[in-house]
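Survey of secondary and tertiary structure
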Amino acid sequence: MADLDHSSDDTSESSSREETSHDSKIEFSEDEEALVTRMFNLVGERWTLIAGRIPGRTADEIEKYWTTRYSTSE
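All values derive from a computational prediction rather than experimental measurement. (Residues numbered from 1 in each chain as written. Predicted model: local features only at pLDDT ≥ 70, side-chain atom pairs only at ≥ 80, totals over all residues. Heavy atoms only, no water.)

A few points about the overall build of the protein chain
- Regarding its fold elements, the protein chain presents 4 helices and 0 strands.
- Along the protein chain, from the amino end to the carboxyl end, the secondary structure elements read α-α-α-α.
- Expressed as a percentage of its 74 residues, the buried residues of the protein chain come to 20%.
- Just so you have it, the protein chain exposes about 5900 Å², and 49% of that area is on carbon and sulfur atoms. (Helix = DSSP H or I, 4+ residues; strand = E, 2+ residues; numbered from the N terminus. Buried < 20%, exposed > 50% of the residue type's maximum accessible area, 1.4 Å probe, protein only. Areas by Shrake-Rupley, 256 points an atom, 1.4 Å probe, with all protein chains shown as cover.)

Pasting the structure below:
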């Protein structure tokens, strides 16, 4: 029974971490960053097309990542 209670605590803890990281800065691996950069150079702001090449990422996540990382505020 103690194991059952412990596993439910792990689940709620990991989901709260996901919510926290999702609300703040989106984390991308180095491979994902390189792929987004290459794809952006090839197809521009076609976020849906880029997201189709990165499993588990949405077009909104990629667009948000790109605009926060490479915003052109001049």
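Focus on the pattern of salt bridges
- All chains considered together, the criterion is met by 2 salt bridges.
- The salt bridge involving Glu32 is made with Arg57; its shortest N-O contact spans 3.0 Å. Taken together, the residues Glu32 in helix α2 (residues 30–43) and Arg57 in the loop between α3 (47–51) and α4 (59–69) connect sequence positions 25 residues apart.
- Looking at Glu32, the relative accessible area reads 17%, which means it is buried.
- Residues Arg69 and Glu33 are paired through a salt bridge, measuring 3.4 Å at the closest nitrogen-oxygen approach. Of the two residues, Arg69 is situated in helix α4 and Glu33 in helix α2; the sequence distance between them amounts to 36 residues. (Salt bridge = Lys/Arg side-chain N within 4 Å of Asp/Glu carboxyl O.)

Description of the nonpolar core
- Counting 12 residues, the largest nonpolar core is built from Ile26, Phe28, Val36, Met39, Trp47, Ile50, Ala51, Ile54, Ala59, Ile62, Tyr65 and Trp66.
- If you list the elements that add at least two residues to this core, you get α2, α3 and α4.
- Not counting residues within four places of it along the chain, the set of residues in contact with Ile62 comprises Phe28, Val36, Trp47, Ile50, Ala51, Ile54 and Arg57. (Core = buried A, V, L, I, M, F, W, Y, C linked by side-chain atoms within 4.5 Å. Contact = heavy atoms within 4.5 Å.)

What to know about the confidence of the model for the protein chain
- Per-residue confidence for the protein chain gives a mean pLDDT of 76; residues scoring 70 or more make up 64%.
- At the low end of the mean pLDDT range in the protein chain sits helix α1 (residues 2–23), at 44; at the high end sits α3, at 96.
- Note on residues 5–23: pLDDT under 50 across the span, and 4 contacts to partners over four residues away in sequence or across chains. (pLDDT = per-residue confidence, 0-100.)

Topic: α2
- In this model α2 runs 20 Å from its N-terminal to its C-terminal C-alpha over 14 residues, within 8% of the 20 Å that 1.5 Å per residue would give.
- Along α2, the residues that are buried comprise Glu32, Val36 and Met39. Axial view of α2: buried residues confined to an arc of 75°, hence all on one face. What points out from α2, more than 90 degrees from its buried face, is the exposed set Glu30, Asp31, Arg38, Asn41 and Leu42. (Expected span 1.5 Å × (residues − 1). Arc of directions from axis to C-beta.)

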